[in-house]
Protein chains: 2
Amino acid sequence: MTTDAYDELIKRWKDATLLASSASLLSWDQQTMMPPGGIEHRSRQMAQLAGLIHERVTHPRVGELLAECESDSELTADPHSDAAANVREIRREYDRDTKLPAELVEEMAQTTSLAEHEWAEARAKSDFSLFRPWLEKNLELFRRAAECYGWGPDEEPWDALAEGYEPGMRARSVEAVFTPLRDDLQDLVSDLMSGSRKPSTAIAALSLPIDAQTAFVPKIAEAMGFDFSRGRIDPSVHPFCSGSHPGDVRITTRYAEDKFFDALGSTMHEAGHGLYEQGLPPENNGTPLGSAVSLGMHESQSRMWENFVGRSRPFWQWCLAEVNKAFGDATSHLTVDEVYEGMNTVRPDLIRVEADEATYNLHIMVRFELERALMSGDLDAADLPHEWNRRYKEYLGIDVPDDARGCLQDVHWSAGLFGYFPTYTLGNLYAAQLFEKALEDMPDLYASFERGDFSPLKAWLNTNLHAHGSRYLPAELCERITGKPLEPEPLLRHLNTQLRPLYGA
Amino acid sequence: MTTDAYDELIKRWKDATLLASSASLLSWDQQTMMPPGGIEHRSRQMAQLAGLIHERVTHPRVGELLAECESDSELTADPHSDAAANVREIRREYDRDTKLPAELVEEMAQTTSLAEHEWAEARAKSDFSLFRPWLEKNLELFRRAAECYGWGPDEEPWDALAEGYEPGMRARSVEAVFTPLRDDLQDLVSDLMSGSRKPSTAIAALSLPIDAQTAFVPKIAEAMGFDFSRGRIDPSVHPFCSGSHPGDVRITTRYAEDKFFDALGSTMHEAGHGLYEQGLPPENNGTPLGSAVSLGMHESQSRMWENFVGRSRPFWQWCLAEVNKAFGDATSHLTVDEVYEGMNTVRPDLIRVEADEATYNLHIMVRFELERALMSGDLDAADLPHEWNRRYKEYLGIDVPDDARGCLQDVHWSAGLFGYFPTYTLGNLYAAQLFEKALEDMPDLYASFERGDFSPLKAWLNTNLHAHGSRYLPAELCERITGKPLEPEPLLRHLNTQLRPLYGA
């Protein structure tokens, strides 16, 4: 009986994901709490759990149960029914996890671990030639992985890898959105740089005690609706969000005296991720219906709160008074406009993770084009620095002085994360399109920000996005919510409207 | 080949204990970090891990391998060799874990969980009659468990349960130590109460900010030798120590403005446990040779640092200056004698966990006698309050006004912890006997305390106790280190020497 098969499938899957949630807690602990002396034992714990999870996810019985469920036309009649969606998504993960031979998985783990180490060395010495053989090894291994995954007609190796991060994402469709976006972003940035005014730089001089920052930023997360009875915030080297259950979501941020606005931005970014995790339906925890749909859609939530809320003027009309309450004399000289302008400064520069909202996507495009060409074989690893630098000149108008600040700046390719970068820009695009729709549905949205009331936006996201888990594919979900497929115009409208006045452009 | 069997046994055991160390981290997190909303999911995670650990520990193959190892006379020739000790201790745990039928284990888990709940209710209402049926159920179940474990000639049901906490501990031998100890303690307390002077109560009035306490107490743990690169300290409701590996040991304490000396005492107590865990041989982690020997011996480490160091005058000759550095004007009026006397105040009272060093053991004796009689059937549950109150009058000279402050005060019996209480007093006895030997070996020990140098004591404990893991049984270890079996005199000498002068008795 198929119902029995489906029930057993879900039971097995929950068993695997429950174990994965314990591994996730250990990983959170490693990045926030663990003393240095714990690392060796922790890596043994993690390897053991990874093995137990892999056993469960790739168990042959899962394959049998999937086949039985898929052959039941009643169960799969409505592709968005609970059962059909769960079966579809479990099939996706089962296939990906079983398609790679164990030797390849092991070789990938070993090689990327070494490659990451060599990359750090190469970056420190700013010497691409040290990293090149490792990049070549990684490319060879991940091309083999792509072949194992396979790709359809009109598709390419990059697609097979990107599918693991963003179901349904294809290089061709990414290109179709990125190309017009790139042209318009280049025009925008160029206009801004030659505009008739410059935004205030008053906030750059600010220095605030870390204790006071640490006490303050949770209040903003709380105002956003992040529920601290179902989550917590801690400092870590790299901010992240880790959710094992909607009742227990952990976010992190980082502090430096002269970087208060970064701490605040990171907090809003991670709390945006956290609201997604807290908003997932707890009754479906451990199944795809209780899980976020994709990296890109997850990133849309963090970027929406960081950029569309946190860099908006209405937000600062409320937030500056809160900042002044917390920091007193240290910030009382700032005006709303000074903060708002400081948060929206644009400058083409070398480093992606330090980029502003407008140029950020140009950094991503460079990477997308290069990794796609590397993967297809159109670009030889040896030519990477040259092609990188050429694009930075063309897209951002800047000269790359060395590889450390050029093609060696990101960890991703050393770690084998080919096909990952575009999810960042997808996040920005989804955020813009969703936020435009939210503004359309709730004309008073900005007015609520001015009052420090973010519950309408949170409730809208809970209902329209979070509650669905992985019932729909990311692209379907976007269309279902906004009525349109993903398009570049909302992000461009947002950036043009927000940035041009500040630059008199 | 037996070497193969032994290697496989160790491999399987390490696999089980590695998983247990992950469960231990989740449990630590639950008590220190987890937001309230995480509890339901956490209990599912813990149940899953408990099941996986139980499967491994009780796997029939473990039984086969044990039998094979035990039949190899060469392997077991020296009972204290690595292999013999590991086989002996794995056998002990395997037998205990396999002797109980699964239904009984399940019934015990369910009943104690309910009984704990009902106990809390009964204590809140101070009504023993509410708890009585649950105590009876627990007694019935744990008598059945004792029968499954079995006991030897001249032994009794209580022994079968106590063995799980303190290998080799028997009611008869506990009684042989407790009886003379009780008489002498009663005399001591009675003399103190009618002494010619009273210790200073100056420290009772102290109130210190929690932030400053939180910053201060880790310094004392560090001075003791607790290595914060291999551990950490956090606040929790009930202080505890949790160690999964010598490289990652977590201790907790608790703070209240008017209870600085409790926070300090708890910290020294838990750091004492922590030093044991950090001092275990890391190369034997995951096997009995890398594990603490018993609850009583573990408690000896916490009590030694809390009582024999932390309540000593030489300690305060150093520590008060540190306290003054940290708290300035708030403590600068205190003298070393005032603190020393305040830390050594004796008062027969109702509550075990608030008891002083001298009367504490009388509280334990009451419980030992009663649980032994309950378990053998000599005492009916219905008569517990009467027998409890009678003993408090006889041993401590006080009237018990209600059951909440009487036989309902401790959680242990509701949780099924029969045979556990004596390990607390064993800890005090071991601590005294070990400390006396340490003083004999290192006549300058107190002088080192006056300088804030605790490294000689830590090194002595590392070498003589911690490094052995579970190579010896607790009683053997005591005799090996001190040259004598456990005896009450060292504790009595310590208490008499320390307390009589303060009371002019």
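None of the values given here were measured: they were computed from a predicted structure.

### Points about the overall build of chain A
Looking only at helices and strands, one finds 20 helices and three strands in chain A. Computed over its C-alpha atoms, the radius of gyration of chain A comes to 23 Å, within 12% of the 23 Å expected for a compact globule of 505 residues. A principal-axis box enclosing the C-alpha atoms of chain A has dimensions of 70 × 50 × 50 Å. Among the 505 residues that make up chain A, the fraction classed as buried is 45%. The contacts in chain A between residues at least 6 apart in sequence include a share of 73% that link residues at least 24 apart.

### Quick notes on the sheet that holds strand S2 (residues 241–245) of chain B
Residues and elements named next belong to chain B. Ordered by their spatial adjacency, three strands build an open sheet running S1-S3-S2, and the pairing between neighbours is mixed. What marks the edges here is a single partner per strand, and that holds for strand S1 (231–235) and S2. The mean inter-strand angle of the sheet, taken between neighbouring strand axes irrespective of direction, is 15 degrees. In the packing of helix H1 (residues 2–32) onto the sheet, the strands contacted are S1, S2 and strand S3 (248–253), and the crossing angle to S2 comes to about 150 degrees.

### Here's the deal with the domain arrangement of chain A
Residues and elements named next belong to chain A. When cut into domains, chain A gives domain 1 (1–99) and domain 2 (102–505). Computed over C-alpha atoms, the centres of domain 1 and domain 2 are 27 Å apart. The interface is formed by 21 residues belonging to domain 1 together with 19 residues belonging to domain 2. Looking at the side of domain 1 that touches domain 2, the elements that each hand over two or more residues are helix H1 (2–32) and helix H4 (82–99). Examining the composition of the side of domain 1 that touches domain 2, we find that 12 residues originate from one element, H1, more than from any other. Of the residues belonging to the side of domain 1 that touches domain 2, the class tally is seven nonpolar, eight polar and six charged.

### A closer look at the interface of chain A and chain B
Quite often, the size of an interface is put as the accessible area lost when its parts meet. Tallying the contact residues gives 28 residues for chain A and 28 residues for chain B. Of all the elements in the fold, those that place two or more residues in the side of chain A that touches chain B are H1, helix H2 (39–57), strand S1 (231–235) and strand S2 (241–245) of chain A. Among the elements that take part in the side of chain A that touches chain B, H1 of chain A stands out by supplying seven residues, more than any other. For the side of chain A that touches chain B, the class distribution of residues is 10 nonpolar, 12 polar and six charged.

### So, the packing of H1 of chain B against helix H2 (residues 39–57) of chain B
Residue and element names in this part refer to chain B. Packing of H1 against H2 brings their axes to within 9 Å, and their N-to-C directions diverge by 160 degrees. Classified by the angle their axes make, H1 and H2 are roughly antiparallel. H2 is crossed by H1, and the crossing has left-handed handedness. For the pair H1 and H2, the contacting residues are Arg-12, Asp-15, Ala-16, Leu-19, Ala-20, Ser-22, Ala-23, Leu-26, Ser-27 and Gln-30 in the first and Arg-42, Gln-45, Met-46, Leu-49, Ala-50, Leu-52, Ile-53, Arg-56 and Val-57 in the second.

### Examining helix H7 (residues 128–149) of chain B
Residue and element names in this part refer to chain B. Taking 1.5 Å as the rise per residue, H7 with 22 residues should run 32 Å; its terminal C-alpha atoms sit 30 Å apart, in good agreement. What H7 keeps buried is the set Phe-128, Phe-131, Trp-134, Leu-135, Asn-138, Leu-139, Phe-142, Ala-145 and Ala-146. Where H7 is buried, its residues touch helix H6 (102–125), helix H8 (157–162), helix H15 (360–376) and helix H16 (384–396). One or two steps after H7, the chain reaches Gly-150, where phi turns positive at roughly 85 degrees.

### What to know about unusual backbone geometry
All names here are of chain B. A positive phi angle, close to 50 degrees, is found at Ser-126, a residue other than glycine. Mapped onto the secondary structure, Ser-126 falls in the loop between H6 and H7. For Asp-154, which is not glycine, the phi torsion reads 65 degrees and is therefore positive. Within the fold, Asp-154 resides in the loop between H7 and H8. Judged by C-beta crowding, with 8 C-beta atoms within 10 Å, Asp-154 ranks as exposed.

### Let's talk about the relation of the copies chain A and chain B
For the pair chain A and chain B, the relating rotation is 180 degrees, the translation along its axis is 0.0 Å, and the fit reaches an RMSD of 0.0 Å. One copy is carried onto the other by what is essentially a two-fold rotation axis. When the interface residues of chain A are mapped onto chain B, 100% of them are again interface residues, pointing to one common binding face.

### Remarks on the sheet that holds S1 of chain A
All names here are of chain A. The sheet built from three strands is open, its strands ordered S1-S3-S2 with mixed pairing. Since the sheet does not close on itself, it has two edges, and those belong to S1 and S2, each with one partner. Along the sheet, successive strands turn relative to each other by an average axial angle of 15 degrees, direction set aside. In terms of strand pairing, S2 meets strand S3 (residues 248–253) through four bridges, oriented antiparallel.

Definitions and limits used
Residues numbered from 1 in each chain as written. Chains lettered and ligands numbered in written order. Predicted model: local features only at pLDDT ≥ 70, side-chain atom pairs only at ≥ 80, totals over all residues. Helix = DSSP H or I, 4+ residues; strand = E, 2+ residues; numbered from the N terminus. Rg over C-alpha atoms; globule rule 2.2 N^0.38 Å. Buried ≥ 20, exposed ≤ 12 C-beta atoms within 10 Å, placed from the backbone. Contact = placed C-beta atoms within 7 Å. Pairing = 2+ DSSP bridges. Axes fitted to C-alpha atoms, helices over the stretch in contact; angles between N-to-C directions. Domains from an automatic or database assignment. Nonpolar A, V, L, I, M, F, W, Y, C, P; charged D, E, K, R; others polar. Parallel < 35°, antiparallel > 145°, perpendicular 65-115°, else oblique. Left-handed = near helix turned anticlockwise from the far one by under 90°. Expected span 1.5 Å × (residues − 1). Least-squares fit on C-alpha atoms with pLDDT ≥ 70 in both.

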